[in-house]
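# Understanding the architecture of this molecule
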Amino acid sequence: LYVDSPLADGQSVGLDHERAHFLRHVLRLDRGDPVAVFNGRDGEWRAVIDGFGKGWCSLTVTEQRRGQDTTPDLWLLFAPLKKGRIDFVAEKATEMGVSRLWPVFTRRTDPNRVNLDRLRANAVEAAEQCERLSVPEMGEPMPLERALAGWPDGRTLYLCAEAGSARPIAEVLRDARQTGVAGPAALLVGPEGGFDQSELDEIAKLPFVVPVGLGPRILRADTAVVAALACWQSLAGD
Ligand code: SAM
């Protein structure tokens, strides 16, 4: 269970209405029952339920069970998608170990808003489910151009360019690994309507960008995210 408080022996932790409801009515736990908790910094701890009140629950942390795990230093930049599909992206990217989820608006992005609380809630749920001990950081939603203008030194951006136009991602990642130039990285997946051609050309020219292909067919944006991350995981190793 993800909690937003420090974790240490004897620490007491209060849970909000939603989490209290989950423990009491969904998992049917009671006072004295153990729960595993993490906060993204201090590893996994065992805690015991002290009691429930109207809309709250309190726990006492008892002992550490696992040290903090590490996730790849991998960001995912993606154009926001419609509700169910963006939920899917948050869930799958969290399971695959992404360290930062960053919604960016491209020229053809629709919708042009993103609900960060919902994105984060999906990421928290996925982290709990896959027993990852951290929740991906949320990048501030912004136009892609602005994100690229402030790009940090040394981070490679793998641009998932539409079908047929770039070297296969597996080849690119294998080379990067063999030549020892694999470092902090990011993947960029475009919107359902694709990148505008001039936008794609401008991005591909940037020195930190490496265009990659995901096979001969045009994948839906959410499928492209999973395909790219699966390649990353098998070739970059984490
Ligand atoms: N309307 C666009 C077109 O016809 O080319 C397709 C956009 S696709 C649904 C959404 C995004 O997924 C693309 O912008 C790209 O980032 C990624 N994508 C889809 N298929 C891909 C492939 N075969 N290789 C690399 N990226 C792909």
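Keep in mind that what you see is a predicted model, and the values were worked out from it rather than measured. (Residues numbered from 1 in each chain as written. Predicted model: local features only at pLDDT ≥ 70, side-chain atom pairs only at ≥ 80, totals over all residues.)

## What about the domain arrangement of the chain?
Note: interface size is frequently given as the accessible area lost on complex formation between the parts. Under the convention used in this document: Domain limits in this description derive from either an automatic procedure or a database domain assignment.
The domain architecture assigned to the chain consists of domain 1 (12-66) and domain 2 (74-236). Between the C-alpha centres of domain 1 and domain 2 the distance comes to 34 Å.

## Focus: the environment of Leu-229
Inclusion rule: Strands are runs of DSSP state E lasting at least 2 residues, helices are runs of H or I lasting at least 4, and numbering of each runs from the N terminus. With C-beta atoms placed from the backbone, a contact is any residue pair whose C-beta atoms sit within 7 Å.
Note that Leu-229 resides in helix α7 (residues 221-236). Spatially, the C-alpha atoms of Leu-229 and Val-98 are 8.4 Å apart, while their sequence positions differ by 131 residues. In this view, Leu-229 contacts Ala-93 and Met-96; residues no more than four positions away in its chain are not counted.

## Quick notes on the pairing of strand β10 (residues 185-189)
Here is the rule we go by: Here a residue counts as buried when 20 or more other C-beta atoms sit within 10 Å of its C-beta, as exposed when there are 12 or fewer, and as partly exposed otherwise, the C-beta atoms being derived from the backbone. Two strands pair under a simple rule: DSSP has to find at least two bridges between them.
Most of β10 sits out of view: five of its five residues are buried. Residues Ala-185, Leu-187 and Val-189 line one face of β10 and the alternating positions Ala-186 and Leu-188 line the opposite face, and both faces are buried. In this structure, strand β5 (residues 74-78) lies alongside β10, joined through five bridges in parallel fashion. Residue pairing in the sheet places Trp-75 in a bridge with Ala-186 of β10. Taken together, the four bridges between strand β9 (residues 156-160) and β10 define a ladder with parallel strand orientation. Residue pairing across strands places Leu-157 opposite Ala-186, the latter belonging to β10.

## Here's the deal with α7
Here is the rule we go by: A helix is expected to span 1.5 Å multiplied by its residue count minus one.
Taking 1.5 Å per residue, 16 residues should reach 22 Å; α7 reaches 22 Å between its end C-alpha atoms and fits that length. The complete set of buried residues in α7 reads Ala-221, Asp-222, Ala-224, Val-225, Ala-228, Leu-229, Cys-231 and Trp-232. Looking at the buried side of α7, the elements it contacts are β5, α2 (83-95), β9, α5 (169-178) and β10.

## Observations regarding the confidence of the model for the chain
Filter applied, for reference: Scored between 0 and 100, pLDDT is the confidence that the predictor attaches to each residue.
Looking at the chain as a whole, the pLDDT averages 92, with 97% of positions reaching at least 70. In the model output, the complex is listed with pTM 0.90 alongside ipTM 0.97.

## So, the nonpolar core
The nonpolar side chains of a soluble globular protein tend to be buried with one another. Quick note on the threshold: Residues enter a nonpolar core if they are buried, belong to Ala, Val, Leu, Ile, Met, Phe, Trp, Tyr or Cys, and are joined to the set through C-beta atoms within 7 Å.
Core analysis: the biggest nonpolar cluster contains 46 residues, and Leu-76, Leu-77, Tyr-158, Cys-160, Val-225 and Ala-228 have the highest contact counts within it. Examining the composition of this core, we find that seven residues originate from one element, α7, more than from any other. Apart from residues lying up to four places away in sequence, Leu-76 is in contact with Ala-93, Val-98, Leu-101, Trp-102, Leu-187 and Val-225. In this structure, Val-13, Leu-15, Phe-38 and Leu-133 belong to the second largest nonpolar core, which totals 13 residues.

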